[in-house]
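Take a look at the letters that make up each chain.
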Amino acid sequence: MSAGGRRGGAGFVFRALSQKSFSCLQDRDIEDRLLKWSMQGRITAQAFGFDQQFKPYQKDEFVMVVLSPLYFKLTFFSSHEIIANGKLHNRKHSTSVACYWPTHCLLENRGVVKRFGDAETEKSIIFIAASSMIIPTACIHAFFNDQNVNSSLKLLSASGQWTTLGSKVTKIEATVVPCTQISMSFFDRLYCEGVVRETGDIVKCYDDYYDDILISDELRKVLLLEDSDHYDLFSQLDREEFLFCLFKHFCIGGTLCQFEDVVDPYLETTKAFYKDLVSVQKNPETKEIRIISTVFRVSAYDANGLCYPSSKSHEQTFAYLIVDPCKRHVNTLYHCFGGGVFAN
């Protein structure tokens, strides 16, 4: 245990892994792109280790440490009746069903997968895996209240200077971000007439605005405007995927973002960050790759209100926690919307 470390909540103690580097932030081409997109100097990634494994007898303690309602989004491809939001739905002809279950439901009903029919159904297995989410759920509360994290978790001050959290967190908001995609072919649908040409060129459009974000091409219209002719290229479930979120963040950029004329820089940067932050595992029998990380988008509050990732909310101000329960690592990805810098 590090000096000053203190065990609290569900028994987790964290240590900053200051020697861990993220190649996505050291790549010269990516640095140049982030500068162009007005994100350089306002984005960072950190790594922390934690020392605890979840044990069954800790179940009640895990429930107690969750400060705000946490809902897991689970997708099923099944022909069975589904219990969703307390109601029974017969979805025999449905191809996908999204169900939100409060944390305590998952903890108290760890055999609930039986309600959803055959566990061999491909996506129903997600419910079995949901029990592994107990670990990162407990981690979130313990993470922000750990002295080592509090003194080393980076954020930008109102003046644009890097500082650390340094305040007692009294409230946490966390959203589980689906993370299932293992291929960049997820974005192949962009290469349709009217969005991205086969050459990779992004189709331009008349300037428009979404809040304070300039929209000057069809790609940003797809990402931001529900009335876009091509908005339905990505379903709501697709748009919640961590891979999509990263791509969208880079496409939108910061205050002074200079947009790309071709899509490749966005795709390449998204892939580099995704590969660096997310952990995968190969099934020894089927040889299939699956993602073992759980991703949360988080906000934290102190006595004065919202304090992390910033005191001001913005779609492009974000903080993600990416938890690897096998390595017992938490990666953080942080960005604060603004004008960027001209040097590191």
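Residues numbered from 1 in each chain as written. Predicted model: local features only at pLDDT ≥ 70, side-chain atom pairs only at ≥ 80, totals over all residues. Heavy atoms only, no water.

Undergrad: What is the right way to read the overall build of the protein from this model?
TA: Secondary structure summary: the protein contains 10 helices and 17 strands in total. Looking at the protein as a whole, 50% of its 344 residues qualify as buried. Within the protein, counting contacts between residues at least 6 apart in sequence, those at least 24 apart form 67% of the total. Carbon together with sulfur atoms contributes 49% to the accessible area of the protein, which is approximately 17,200 Å² in total. (Helix = DSSP H or I, 4+ residues; strand = E, 2+ residues; numbered from the N terminus. Buried < 20%, exposed > 50% of the residue type's maximum accessible area, 1.4 Å probe, protein only. Contact = heavy atoms within 4.5 Å. Areas by Shrake-Rupley, 256 points an atom, 1.4 Å probe, with all protein chains shown as cover.)

Undergrad: Hey, could you run me through the pattern of salt bridges in this one?
TA: Between side chains of opposite charge, pairing is possible as soon as their charged atoms come close. Evaluation of the coordinates by the stated rule reveals 9 salt bridges. The partner of D261 in a salt bridge is K204, with the nearest N and O atoms 3.0 Å apart. One end of the pair, D261, is in the loop between α9 (242-252) and α10 (264-277); the other, K204, is in strand β10 (residues 204-210), with 57 residues separating them in the sequence. (Salt bridge = Lys/Arg side-chain N within 4 Å of Asp/Glu carboxyl O.)

Undergrad: What am I meant to see in the nonpolar core here?
TA: Soluble globular proteins: nonpolar side chains tend toward being buried together. Ranked by size, the top nonpolar core spans 51 residues in total, and within it F242, F247 and F273 carry the most contacts. When contributions to this core are tallied by element, the ones reaching two or more residues are α1 (28-36), β2 (43-50), β11 (213-217), α7 (218-224), α9, α10 and β16 (318-324). For this core, the element with the most residues is α9, which contributes 9 residues. Once residues within four sequence positions are removed from consideration, F247 is found in contact with F187, L190, L219, L223, V263, Y266, L267 and T270. By size, the runner-up hydrophobic cluster in this structure holds 28 residues, among which are L156, L165, V176 and V298. (Core = buried A, V, L, I, M, F, W, Y, C linked by side-chain atoms within 4.5 Å.)

Undergrad: So what exactly am I meant to see when it comes to the packing of aromatic side chains here?
TA: Note on aromatic pairs: each is described by the distance of the centres and the angle between the planes. Here the structure, examined in full by the defined rule, presents 19 aromatic pairs. Ring plane angle 55° and centroid distance 5.9 Å describe the contact between F14 and F50, whose orientation is recorded as tilted. A residue pair is termed long-range when its members are at least 10 positions apart, and F14 in strand β1 (residues 14-16) and F50 in strand β2 qualify at 36 residues. For F50, a relative accessible area of 2% corresponds to the buried category. Aromatic pair F187 and F247: ring centres 4.5 Å apart, planes at 35°, arrangement tilted. Taken as a pair, F187 in the loop between β9 (171-177) and β10 and F247 in helix α9 lie far apart in primary sequence, 60 residues in all. Overall, F247 belongs to the buried group, its relative accessible area being 0%. (Phe/Tyr/Trp six-rings, centres within 6.5 Å; stacked < 30°, edge-to-face > 60°.)

Undergrad: What exactly am I supposed to notice about the state of the cysteines here?
TA: Disulfide: a covalent bond connecting the sulfur atoms of a pair of cysteines. Scanning the entire structure with this criterion turns up 0 disulfides. In this structure C245 is a free cysteine whose sulfur lies 9.8 Å from that of C179, the closest cysteine sulfur available. Owing to a relative accessible area of 16%, C245 belongs among the buried residues under this scheme. In this structure C251 is not part of a disulfide, and its nearest cysteine sulfur, from C257, lies 8.7 Å away. Relative accessible area serves as the criterion here: at 0%, C251 is assigned to the buried category. (Disulfide = S-S within 2.5 Å.)

Undergrad: Looking at this structure, I do not really get the side chain of S152. What am I missing?
TA: Within the secondary structure, S152 sits in the loop between α6 (147-150) and β7 (154-156). If we skip the residues at most four places from it in the chain, S152 touches A16, Q46, F48 and T164.

Undergrad: What exactly am I supposed to notice about the confidence of the model for the protein here?
TA: Across the protein, the average pLDDT comes to 77, with 70% of residues at or above 70. Confidence drops under a pLDDT of 50 for residues 54-135, and excluding neighbours within four residues, the segment shows 145 contacts in the predicted structure. (pLDDT = per-residue confidence, 0-100.)

Undergrad: Just checking my understanding: could you explain α10 for this structure?
TA: Because each turn of an α-helix spans 3.6 residues, side chains separated by three or four positions end up pointing in the same direction. Helix length check: α10 (14 residues) gives 20 Å between terminal C-alpha atoms against 20 Å at 1.5 Å per residue, within 8%. Burial in α10 covers these residues: P265, Y266, L267, T269, T270, F273, Y274 and L277. (Expected span 1.5 Å × (residues − 1).)

Undergrad: What is the right way to read the packing of α1 against α10 from this model?
TA: The relative placement of two packed helices is expressed as an angle between their axes plus a distance between the axes. The geometry of α1 relative to α10 is characterised by a closest axis approach of 11 Å and an angle of 115° between their N-to-C directions. Like other packed secondary-structure pairs, α1 and α10 cross with a definite hand, here left-handed. For the pair α1 and α10, contact is made by I30, R33 and L34 and by P265, E268, T269, A272 and F273, respectively. In terms of residue class, the contact of α1 with α10 is built from 5 nonpolar, 1 polar and 2 charged. (Axes fitted to C-alpha atoms, helices over the stretch in contact; angles between N-to-C directions. Left-handed = near helix turned anticlockwise from the far one by under 90°. Nonpolar A, V, L, I, M, F, W, Y, C, P; charged D, E, K, R; others polar.)

Undergrad: Could you clarify how one ought to interpret unusual backbone geometry in this entry?
TA: Excluding glycine, residues mostly have negative phi values, and the peptide bonds linking residues are mostly trans. Cis geometry marks the peptide bond from Y308 to P309, where omega comes out at 10°. Along the chain, P309 falls in the loop between β15 (305-308) and β16. We note that D211 has phi near 55°; this positive angle belongs to a residue other than glycine. One can find D211 in the loop between β10 and β11. Positive phi, normally seen in glycine, also occurs at R328, with a value near 60°. Tracing the backbone through its elements, the reader meets R328 in the loop between β16 and β17 (329-335). Judged by relative accessible area, which is 25%, R328 ranks as partly exposed.

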